[in-house]
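Reading the structure
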Amino acid sequence: MLERVDELLQVSRLDGGHLELEPRDVDVARLVRSSCEGFASVAELREQRLVIEAPPRLPARLDEEKVLSVISNLLANALKYAPPGGIVRCTVADA
C-alpha cells in the first residue's frame, strides 16, 4: 500500500513539474539483468520462462532508482498477466 501511495505522489510531482531527477551514469543492461534475476523465482513458481535479451553493456545517464521502479513494475505486470507456462521476454537495446 505504501508503495502505491509513493507512486501516486511521484505522479503528482511529475504532473506539477516538481519531480526531481538524480541522473548518473548507469549500465542499463546490467540494471535490466539484475531486475530480471530478482524476478526469476516468481517466474519459476508460476512455471514461466523469463528470457532476457540485452547487450553486454548499455551505458546511459539516467535516474537509476526511477528507471528501476519502471522496470520492476513492467516485469511484475508481465509475470502477473502471462499464463502459467508462458514466456516473458525482457529486451533492452540501443535505439
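The coordinates are above.
Residues numbered from 1 in each chain as written. Predicted model: local features only at pLDDT ≥ 70, side-chain atom pairs only at ≥ 80, totals over all residues. Heavy atoms only, no water.

1. Focus on the pairing of strand S4 (residues 87-91)
For clarity, the cut-off: Burial classes follow relative accessibility: with a 1.4 Å probe on protein chains only, a residue under 20% of its type's maximum area counts as buried, one over 50% as exposed, and anything between as partly exposed. The numbering of helices and of strands both runs from the N terminus, where a helix is a DSSP run of H or I of at least 4 residues and a strand a run of E of at least 2. Each pair of strands is called paired provided DSSP finds at least two bridges between the two strands.
Along S4, the buried face is formed by Val-88 and Cys-90; none of Ile-87, Arg-89 and Thr-91, which line the opposite face, is buried. With five bridges connecting them, strand S2 (residues 49-53) and S4 associate as parallel partners. Considered in S4, the bridge of Leu-50 is made with Val-88.

2. Let's talk about the state of the cysteines
Formally: Two cysteine sulfur atoms make up a disulfide if the distance between them is within 2.5 Å.
Inspection of the entire model under this criterion finds zero disulfides. The thiol of Cys-36 is unpaired, and the distance to the nearest cysteine sulfur, on Cys-90, comes to 3.7 Å. Residue classification places Cys-36 among the buried residues on the basis of a relative accessible area of 1%. Looking at Cys-90, the relative accessible area reads 13%, which means it is buried.

3. Quick look at helix H3 (residues 64-81)
To keep things clear, this is the line we draw: Multiplying one less than the number of residues by 1.5 Å gives the expected span of a helix. Throughout, the arc means that of the directions going from the helix axis to the C-beta atoms. In what follows, residue pairs with any heavy atoms lying within 4.5 Å of each other are defined as contacts. Throughout this description, a polar contact denotes any pair of N or O atoms lying within 3.5 Å of each other; where both atoms belong to protein, one of them has to be capable of donating a hydrogen while the other can accept it, and for residues adjacent in sequence the pair is counted only when both atoms sit in side chains.
The first and last C-alpha atoms of H3 sit 26 Å apart over 18 residues, in line with the 26 Å expected at 1.5 Å per residue. Every buried residue belonging to H3 is among Glu-64, Ile-71, Leu-75 and Leu-79, and all of these are buried. Down the axis of H3, the smallest arc covering the buried residues is 60 degrees, so these residues share one side. Counted as exposed and oriented over 90 degrees from the buried face of H3: Leu-74, Lys-80 and Tyr-81. Against strand S1 (24-27), helix H2 (28-45), S2, strand S3 (59-62) and S4 lie the buried residues of H3. Of the residues that open H3, the one with a side-chain oxygen 3.2 Å from the backbone nitrogen of Glu-65 is Asp-63.

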